Amino acid sequence: MSYEVLARKWRPHSFDELVGQQHVVQALSNALDNDRLHHAYLFTGTRGVGKTTLARIFAKALNCEEGISSQPCGECSSCQEIDQGRFIDLLEVDAASRTKVEQTRELLENVPYAPARGRYKVYLIDEVHMFSAGSFNALLKTLEEPPPHVKFLLATTDPQKLPMTVLSRCLQFGLKRLTHDQITAQLQHILTSEKVNFDQQALALLASGADGSMRDGLSLMDQAIAFGAGEVRESRVQLMLGTVSRDYVYGLLEAVSSGDGALMMQRIAEVAERAPDFLSVLDEMLRILHRIAIELALPGVEREEADASSLTQLASTLQPEDVQLYYQIGVTGKRDMIHAPDLRSGFEMVLLRMLAFRPGAGGSKPQQAAVKSRTQQHPDAASVSTQTASAPASQNINQASPGYASGRQASVPQAQSVQTSSTTSATAANAGTLTPAADDWAAIVAQLELGGVSRQLAVNCSLKSLDDKRLCLTLQRNHQALKSEMSEQRLLQAVRKHLNASLQLEIEIGEPGSDTPAQQQALLDEQKIVDARAQMAQDPLVKAAQQQLGATLLEETVKPV
């Protein structure tokens, strides 16, 4: 006897066997049991969720020899013939292959005639949205007032393409996508019944690959059984689907969150050895980031026993704003990956982007060297002291802030203020009170472990006073929306940790007495643009083009390197 695929072998034959769709089952069962039957039904939903199966069960309930009921016997000749697809009064039509109006008219010619065997003549039209406009027009009158012995059951994956005149003549039922747990439970039930050995993790992978479709899940499971030589094992399913173990994905996220680029590239290489589909790997990363975001907001809600410890450990190292940024970069990067030379390089660029724009990450040593080189070439742009030039990479204003470039080193546009800051601070320290120059607030902010809104708050404040007990800041009025209990608390914790002092924080709204770090950076950026334009205007090639070709230099297009 030939092999029967699982999707056909395990097709439900009664409402009780149908997985999910209880809202539709209940409505149809009540209609059948109370004899409140409409003449036309429309079932909508994505592929593989049970539209055609539900229509066949409904046709069986209408024509069961035991009587109309939501529980057809399944034993009579009508029920068995419908299950076998050879019931003469059940006419299944594929609208995709019968789009012409002549074919529709031919189909409807037999509508007036009574059923040959059953109680009702049932027309099951699948993918009805494929009908042409002429076919819909030919169907309308019959669909509105069919003979009492005729029922129309329509199914479609795209109800938006149906004319409103058709929709208004039908009772419409929307079938839902099946959940991950529903698909997993059904796959487990089938494999247990089929006596096939399996791993629970393998079923979770198949359910994820099914993407809400039970038929897709059963097809994937058929493939997994064949691929695994009669068993469904996690390693084989991963190889079949092009996915990797979650342990590798957690390793990638840990490398990104720690800012270790070398470790991240090493783990990408380890993943690549398993020949994965990098789009699937990115999808899994996004799923984990989504669960981490929920874990941070509602601890314990999104945990799964299989990886609860890994999720909790990774969530403890991330801030909510970090997770949101990584997720947004991942979603955008997934769209761009198909345009990359190959998927691996596209995947690497997505993770490198996460690393580069990590809140509070700061610039790398090569970036600092480049900044120092540009400063030496253009000493008029901003003269900085040796102390500021040799500051660690963490002294970078958050690149996510308005007016900031990624990895750009925080510095003060006036050299005189910076050069005197060290002496002033030292004198104040000897006196027992911390009262650094106002410009030192930029240096303090640059070293704080802050990100998101709390860093925005810090860079838009100026230092009013600072002693060993109290830190007083002035926040610009146009940025007062940044002031919240959470952002103030994070700023205070970061300052306490950096200065190793138990300070109190006061933030008043007003006009700062000196430039804020954001304003200082904006001035520096403006000076760099002025210098770049001046350098471009003096370039020999530019001058030659202007003299010989009459070229014009568009200054607004000149940007600093």
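Residues numbered from 1 in each chain as written. Predicted model: local features only at pLDDT ≥ 70, side-chain atom pairs only at ≥ 80, totals over all residues. Heavy atoms only, no water.

A. Inspection of the overall build of the protein at higher detail. Summing up its helical and strand segments, the protein has 25 helices and 8 strands in all. Here the protein holds 561 residues, and the buried ones make up 45% of them. For the protein, contacts bridging at least 24 residues in sequence account for 71% of all contacts bridging at least 6. Total accessible area on the protein stands at roughly 28500 Å², and carbon and sulfur atoms take up 50% of it. (Helix = DSSP H or I, 4+ residues; strand = E, 2+ residues; numbered from the N terminus. Buried < 20%, exposed > 50% of the residue type's maximum accessible area, 1.4 Å probe, protein only. Contact = heavy atoms within 4.5 Å. Areas by Shrake-Rupley, 256 points an atom, 1.4 Å probe, with all protein chains shown as cover.)

B. Expanded view of the confidence of the model for the protein. Here the protein averages 81 in pLDDT, while 84% of its residues score no lower than 70. Contacts from residues 362-439, a stretch scored under 50 in pLDDT, to residues over four places away or in other chains number 124 contacts. (pLDDT = per-residue confidence, 0-100.)

C. Region of interest: the sheet that holds strand E6 (residues 461-466). As summarised here, the arrangement of the 3 strands in space is E6-E7-E8, forming an open sheet in which the pairing is mixed. On the outer flanks of this sheet lie E6 and strand E8 (504-509), each paired with one strand and no other. Going across the sheet, the axis of each strand differs from the next one's by a mean of 25°, ignoring polarity. Both strand E7 (residues 470-475) and E8 contribute to a ladder of 6 bridges, which runs parallel. By the bridge assignment, Cys-472 is partnered in E8 with Glu-506. Packing of helix H23 (residues 485-499) onto the sheet brings it into contact with E6, E7 and E8, and relative to E8 it is tilted by some 130°. (Pairing = 2+ DSSP bridges. Axes fitted to C-alpha atoms, helices over the stretch in contact; angles between N-to-C directions.)

D. View of the packing of aromatic side chains. Scanning the model with the defined rule gives 6 aromatic pairs in all. Aromatic pair Tyr-123 and Phe-152: ring centres 5.4 Å apart, planes at 25°, arrangement stacked. Of this pair, Tyr-123 sits in strand E3 (residues 121-126) while Phe-152 sits in strand E4 (residues 150-156), placing them 29 residues apart in sequence. Pair check on accessibility: Tyr-123 and Phe-152 agree, each one buried. For the ring pair Phe-278 and Phe-347, a centre distance of 5.2 Å and an interplane angle of 40° mean the geometry is tilted. Separated by 69 residues along the polypeptide, Phe-278 in helix H14 (residues 278-297) and Phe-347 in helix H17 (residues 343-356) bring together distant segments of the chain. The exposure class assigned to Phe-278 is buried, which follows from its relative accessible area of 7%. In this structure an aromatic cluster arises from ring pairing among Tyr-41, Phe-43, Phe-58 and Phe-173. (Phe/Tyr/Trp six-rings, centres within 6.5 Å; stacked < 30°, edge-to-face > 60°.)

E. Fine view of the sheet that holds strand E5 (residues 171-174). Judged by pairing direction, the sheet is parallel, and its 5 strands sit side by side in the order E2-E3-E4-E1-E5 without closing on themselves. Pairing within the sheet leaves two strands with one partner each, and these edge strands are strand E2 (90-94) and E5. Neighbour-to-neighbour, the strand axes of the sheet open up by a mean angle of 15°, direction not taken into account. Judged from the 5 bridges that link them, E2 and E3 form a sheet pairing that is parallel. Its bridge partner lying in E3, Asp-94 is registered against Asp-126. Sitting on the sheet, helix H2 (residues 22-33) touches strand E1 (40-44) and E5, and the angle it makes with E5 is about 150°.

F. Highlighting unusual backbone geometry. Look at Gln-21: it is not a glycine, yet its phi comes out positive at around 60°. Summarising the element assignment, Gln-21 is placed in the loop between helix H1 (6-9) and H2. A residue is classified by how much of its surface remains accessible, and Gln-21, at 5% relative accessible area, is buried. Phi is positive for Asp-211, close to 55°, though the residue is something other than glycine. You can see Asp-211 is positioned in the loop between helix H9 (200-210) and helix H10 (214-227).

G. Up close: the side chain of Ser-29. Positionally, Ser-29 belongs in helix H2. When residues no more than four places from it in sequence are discounted, the contact partners of Ser-29 are Phe-15 and Ser-70.

H. Fine view of the pairing of E3. Counting buried residues in E3 gives 5 out of 6 residues, a clear majority hidden from the surface. Handedness of the β-α-β unit built from E2, helix H5 (residues 101-108) and E3 comes out right-handed. Bridging between E3 and E4 involves 6 bridges; their strand directions are parallel. Its bridge partner lying in E4, Val-122 is registered against Lys-151. (Right-handed = clockwise from strand over helix to strand, strands pointing away.)

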